[in-house]
Amino acid sequence: MAGLVSTGFRGLAALRRAPAFHPGGVVLRGELRPVADDLPWPRATTSVVARLSKGAGTPGRLPDALGLAVRIPGAGRDGGPWDITLTTSGSGHLGRLLPRPAAAWTRGAYSSLVPYRRADRLVWLAAWAEASSPRAEASLDAVRAAIPLRFVLRTGREDGRWCDSAVLTLTGVGGDAPSFDPMLNHPEGLGFAPDWLARVRERAYAGSRAGRPS
């Protein structure tokens, strides 16, 4: 199973000459400000790189599973980065587990789809555009025109409650896109659950990395 997943993602990445999913996107720069300590955020406001992208790469304003990826320098293991990847989804007990096509960047939830495991707790991570954000249709051009963008990152518990955890403000466009990889780049003591699904995701990301042009 793991070999098939890796091979499939490697082939798709090679065909696209880009990540297997979320091949096209817009690189953004901004800052992340922690407001709670339920995840191992940096202690103070930190400059970050982000990318908003379309999962299947649909053209123009066509709906897609929209992605929000964030790299937090120095917040990962051994002083490396922490990469967060979120996808549009529902926000209920089941909805937060499943990607959902969206027609706008600034409406609805972006979810980690699977929970983090921190010590003995499971914690979901999701993001919502600030309530006052104007509607930005699901095109890459609309992202560029919508800057600045602000998202509230919230953590979800097993009982379905969401609590504000950090604020992400994106104010600039441009720069090189990092190879976001949440399986490689994360803080010590913070992993994904369940273990079998984490192993499948690891193989998928490894296959996508191997298939991209160097």
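In this text, all values refer to a predicted model and were calculated from it rather than measured experimentally.

Basis of the calculations
Residues numbered from 1 in each chain as written. Predicted model: local features only at pLDDT ≥ 70, side-chain atom pairs only at ≥ 80, totals over all residues. Heavy atoms only, no water. Salt bridge = Lys/Arg side-chain N within 4 Å of Asp/Glu carboxyl O. Buried < 20%, exposed > 50% of the residue type's maximum accessible area, 1.4 Å probe, protein only. Helix = DSSP H or I, 4+ residues; strand = E, 2+ residues; numbered from the N terminus. Phe/Tyr/Trp six-rings, centres within 6.5 Å; stacked < 30°, edge-to-face > 60°. Lys NZ or Arg CZ within 6 Å of the ring centre and 35° of its normal.

Trainee: So what's going on with the pattern of salt bridges? Which residues, and what values?
Mentor: For the structure shown, the criterion picks out five salt bridges. For glutamate 137, the salt bridge is made with arginine 135, and the minimal N-O distance between the two is 2.9 Å. Using a relative accessible area of 27% as the deciding quantity, one classes glutamate 137 as partly exposed. Note that arginine 144 and aspartate 141 form a salt bridge whose closest N and O atoms lie 3.0 Å from each other. Separated by three residues within a single helix, arginine 144 and aspartate 141 lie in helix H2 (residues 140-146), roughly one turn from each other. Classification of aspartate 141 by relative accessible area gives exposed; the value is 57%.

Trainee: Outline the packing of aromatic side chains, supporting the account with residue identities and numerical values.
Mentor: Following the criterion strictly, the structure yields five aromatic pairs and no others. One aromatic cluster in this structure is built from Trp41, Trp82, Tyr116 and Phe192. In this structure, arginine 71 is placed above the aromatic ring of phenylalanine 180, and the distance from its NZ or CZ to the ring centre is 6.0 Å. Just above the ring of tryptophan 124 sits the side chain of arginine 96; from NZ or CZ to the centre is 3.7 Å.

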